[in-house]
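Spelled out, the chains give:
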Amino acid sequence: MTLDAERGENQGLLEAVRVRFNRFQVGSAATIWLAVVALLVIARIVSADFWSVTHLFNVARQASALGILATGQALVLITGGIDLSNGQVVTLVNVVSATMLDGEDTFLVPVVLLCLAIGAFVGLLNGLIITKLRVPPLVVTLGMLSIVRGIAYVYTDGAPKGSISPILNFVGSGFVGPVPTAIFFWLVVAVAGTVLLRKTPLGRYLFALGGNEKASRLSGVRTDLITVVAYVLSGVLAAVAGLIISGYIGTGSLGIGDGRNLDSIAAAVVGGTQLTGGVGSAVGTAGGAVFLALLFSLLRFVGLPYSNQLMIQGVILAVAAYAHVRSNRT
Amino acid sequence: MSKSSVDRPQSSTDSIRRLLTTIKPVYFALVALVIISAISEPSFAQLRTARNILVSSTALAIVTVGQTAVMLVAGIDLSVGAVMSLVTAVSALLMESHPEMVGWIVLLCVGIGVLVGLINGILVSYLRMNPLILTLATGTALQGVVLHILYSPGGLVTRGFREVSRGSLGPIPYPVIILLVLYLVGSYILKETPYGLSVYAVGGNENSARLSGLRVNRIKLSLFVISGFLASCGGLFLASRIGSGDPLSGDSFTMDSIAAAVLGGTNLFGGIGDLWGGLAGVFIISILSTMLNLNNVSSFYQWVIKGTILIGALAVEFFETRSQ
């Protein structure tokens, strides 16, 4: 980019920028990372303290759970579906792990496996009802949201008990050197998501499904199986995020997953994933999670109350929705 | 019912079967629920319980009309809950400080709803934004506005304004009158007027509706305005019922209105649905929670049951269409 720009004169520079910009496409994965950089610059202008290593790693830690959740959401959105139930999977995993571990590492492995199985099972149910009974994803996962929330309340009888074990605590809030542990899990998920979407047949099928379900079915893609896999992955990733969040807060808390479904959709959408299916990326979704975490941290940093944060989040979502329209036209 | 007698079927079982297939499953579900409730809980059959259920479902019934209208053109309105919360906050706060200006305050609240509907409608129809994301955005922003002006429940509506939800005209409670008028007028508009037919045409196939000369964008815009308007009316009713403003009071109505419309047979992809089915869906939701409360079933199970019914209702539809 810089080479192009230096070679040309003023007009050439503008042209080069325009071409590059068009290639990025407004609302694509690259745009959101540019927005992240811009936000970092703004943060630096607002306060030099914001750029401390501790603070930035803290932001990244906050982005980790959201990023993992949003990666699962993006996989589902790419198929043209939606997963509203993932936030309640976080809650259920949180109360189950806190109750069962009760502060001890003794049963860590079976409990973690159980939590992942819970996520997979919820996803499996979502996927099967959507594909076999032909109920729209919005309704299925909305119903599942209600069911899983109810189960979490019934399981705890409304009063969550227990606490998280030391190892899980290290995963959620510990550090390796200066780097929060949770970030490593997120990196693994983001890289795996990128490889899955760009390098594997499954990834191609996910895009094909979202682009045109009928055409992909007619060309031999096992659309039902692919759909189920997408929801199972979203459920499992929600469970992973739930474990990390549990590790951070340390106890069981029934409201912990509320609203995270919409946050995950917001992160994916801001990162360029489209609700109509067929468009999206893991890299962009990661960018969306970083952007939102950074933004909220900045807003808190300058002392804006929660109400203003909501307003700004709404505006950003609307801008993302508009960017999608623009990118579809070009 | 008249349809099947006109058809002159050969046998009576045939006519019954035909009759059964023309009635939507949601009505069976509602009747079954009422019968089960009446048998299992004697107090259910009392007039007071019926009245309570009616009053407690009115706000949802009002909002569901708007939600159904938007869903008929394959839209969705996730901002209704925030509009309702905003309206309860604004009306309660203003009525507390200016009790003499109730009329103007009500107008202002309705204006807020219409404005939100206009914004949603213009952005969705003319700028082609995705309705799910856009109304999620406006809903989120509005929720921020609500929390900005009223962080915890407060304010007080006037005594007269409370009468809207508590009073009655002779033996008939106002809520019943509100619901009847709203649903009769709404159904008439949807089923009998050119405008209503064009709504179904747009929902059925937007492109062919556009090619046959309908002003598709204007129709979609009008439906979002209706949804915003009715959300503010629902919010006003809610404020009258609870007597004060509550920044989270509208929260559950977004999902519940979608659930009620879907239970009533409204298709998420547009073109199919009517208001009465949605009203039945509203009653199912509120009778269910009343009954479970009467039977001391913890509200925790109610979530499980609600979710199961929502998914189950559409799954039943699947089996029906397959057997035909």
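Model, not experiment: these values are computed from the prediction. (Residues numbered from 1 in each chain as written. Chains lettered and ligands numbered in written order. Predicted model: local features only at pLDDT ≥ 70, side-chain atom pairs only at ≥ 80, totals over all residues.)

Section: the overall build of chain B
Moving on, step 1. Along its length, chain B carries 15 helices and two strands.
Moving on, step 2. For 324 residues, the compact-globule estimate of 2.2 N^0.38 gives 20 Å, and chain B sits close to it at 20 Å.
Moving on, step 3. The proportion of buried residues among the 324 residues of chain B is 46%.
Moving on, step 4. Taking contacts inside chain B between residues at least 6 apart in sequence as the whole, the part at least 24 apart equals 77%. (Helix = DSSP H or I, 4+ residues; strand = E, 2+ residues; numbered from the N terminus. Rg over C-alpha atoms; globule rule 2.2 N^0.38 Å. Buried ≥ 20, exposed ≤ 12 C-beta atoms within 10 Å, placed from the backbone. Contact = placed C-beta atoms within 7 Å.)

Side note on the overall build of chain A
Moving on, step 1. Across its full length, chain A holds 15 helices and two strands.
Moving on, step 2. In summary, chain A has a C-alpha radius of gyration of 20 Å against a globular reference of 20 Å for 330 residues, a match within 12%.
Moving on, step 3. Dimensions of chain A, computed from the C-alpha atoms along their principal axes, are close to 70 × 55 × 35 Å.
Moving on, step 4. A fraction of 80% describes how many contacts in chain A between residues 6 or more apart in sequence connect residues 24 or more apart.

Observations regarding the interface of chain B and chain A
For interface size, the figure often reported is the accessible area lost on association.
Moving on, step 1. Each side of the interface is counted separately: chain B has 32 residues, and chain A has 39 residues.
Moving on, step 2. Listing elements by their share of the side of chain B that touches chain A, those giving two or more residues are α7 (131-149), α13 (251-263) and α15 (299-323) of chain B.
Moving on, step 3. Per-element tally for the side of chain B that touches chain A: the top contributor is α7(B), with 13 residues.
Moving on, step 4. Residues of the side of chain B that touches chain A, tallied by class, amount to 22 nonpolar, eight polar and two charged. (Nonpolar A, V, L, I, M, F, W, Y, C, P; charged D, E, K, R; others polar.)

Here's the deal with the confidence of the model for chain B
Residues and elements named next belong to chain B.
Moving on, step 1. Across chain B, the average pLDDT comes to 88, with 94% of residues at or above 70.
Moving on, step 2. Here helix α1 (residues 2-6) stands out as the element of chain B with the lowest mean pLDDT, 44, in contrast to helix α12 (residues 216-242), whose mean of 97 is the highest.
Moving on, step 3. The low-confidence segment residues 1-7, where pLDDT is below 50, has eight contacts with residues more than four positions distant or belonging to other chains.
Moving on, step 4. Across the assembled chains, the prediction reports ipTM 0.82 with pTM 0.86. (pLDDT = per-residue confidence, 0-100.)

Here we look at the environment of G103(A)
All names here are of chain A.
Moving on, step 1. For G103, the location among the structural elements is in the loop between α5 (86-101) and α6 (108-132).
Moving on, step 2. Each C-alpha atom, one on G103 and one on G162, is 6.7 Å from the other, the two residues being 59 residues apart in sequence.
Moving on, step 3. Setting aside residues no more than four positions away along its own chain, G103 makes contact with G162, S163 and S165.

Describing the packing of helix α5 (residues 80-97) of chain B against α13(B)
All names here are of chain B.
Moving on, step 1. Between α5 and α13, the shortest axis-to-axis distance is 6 Å and the interhelical angle comes to 140°. What the angle tells us is that α5 and α13 run oblique. For the pair α5 and α13, the sense of crossing is right-handed. Judged by residue contacts, V80, G81, M84 and S85 of α5 engage D251, S252, F253, T254 and S257 from α13.
Moving on, step 2. Class assignment of the residues belonging to the contact of α5 with α13 gives a composition of three nonpolar, five polar and one charged. (Axes fitted to C-alpha atoms, helices over the stretch in contact; angles between N-to-C directions. Parallel < 35°, antiparallel > 145°, perpendicular 65-115°, else oblique. Left-handed = near helix turned anticlockwise from the far one by under 90°.)

Overview of the nonpolar core
Moving on, step 1. By size, the foremost hydrophobic cluster in this structure holds 191 residues, and its most contacted members are I68(A), A241(A), I244(A), L292(A), L317(A), L86(B) and I133(B).
Moving on, step 2. The element best represented in this core is helix α12 (residues 223-249) of chain A, accounting for 16 residues. (Core = buried A, V, L, I, M, F, W, Y, C linked by C-beta atoms within 7 Å.)

Topic: the confidence of the model for chain A
Residue and element names in this part refer to chain A.
Moving on, step 1. Scored by pLDDT, chain A comes out at a mean of 89, with 91% of its residues at no less than 70.
Moving on, step 2. With pLDDT under 50 throughout, residues 1-8 is counted as low confidence; its partners more than four residues away or in other chains account for six contacts.
Moving on, step 3. Ignoring residues within four places in sequence, the model shows residues 21-27, a span with pLDDT below 50, making 15 contacts including any to other chains.

Here's the deal with the packing of α5(A) against helix α13 (residues 260-270) of chain A
Residues and elements named next belong to chain A.
Moving on, step 1. Running from amino to carboxyl end, α5 crosses α13 at an angle of 130°, the nearest separation of the two axes being 6 Å. Taken together, the axes of α5 and α13 are oblique relative to one another. In this structure, α5 contributes N86, G87 and V90 to the contact, and α13 contributes R260, N261 and S264.
Moving on, step 2. Across the contact of α5 with α13, the residue classes tally to one nonpolar, four polar and one charged.

Some points on helix α3 (residues 25-40) of chain B
Residue and element names in this part refer to chain B.
Moving on, step 1. With 16 residues, α3 extends 22 Å from end C-alpha to end C-alpha; this agrees with the ideal 22 Å at 1.5 Å per step.
Moving on, step 2. Here α3 has its buried residues at V26, L30 and S37. Down the axis, α3 shows its buried residues gathered within 45° of arc, on one side only. Residues of α3 that are exposed and point over 90 degrees away from its buried face: V31, A32, I35 and I39.
Moving on, step 3. Taken together, the buried residues of α3 touch α13 and α14 (275-294). (Expected span 1.5 Å × (residues − 1). Arc of directions from axis to C-beta.)

Quick notes on the environment of A38(A)
Moving on, step 1. On the secondary structure map, A38(A) appears in helix α3 (residues 29-46).
Moving on, step 2. Taking the C-alpha atoms as reference, A38(A) lies 30 Å from G242(A); in sequence the two are 204 residues apart.

Section: the environment of R162(B)
Residue and element names in this part refer to chain B.
Moving on, step 1. Tracing the chain through its elements places R162 in helix α8 (residues 159-166).
Moving on, step 2. The sequence separation of R162 and R241 amounts to 79 residues, and the corresponding C-alpha distance is 6.4 Å.
Moving on, step 3. If we skip the residues at most four places from it in the chain, R162 touches V157, S240 and G243.

Quick notes on α3(A)
Residue and element names in this part refer to chain A.
Moving on, step 1. Its 18 residues place the ends of α3 26 Å apart at the C-alpha level, agreeing with the 26 Å of an ideal helix rising 1.5 Å per residue.
Moving on, step 2. Within α3, burial applies to A29, T31, I32, A35, V36 and A43. Buried positions in α3, seen along its axis, are confined to an arc of 150° and lie on one side of it. Pointing more than 90 degrees away from the buried face of α3 are the exposed residues V37, A38, V41, R44 and I45.

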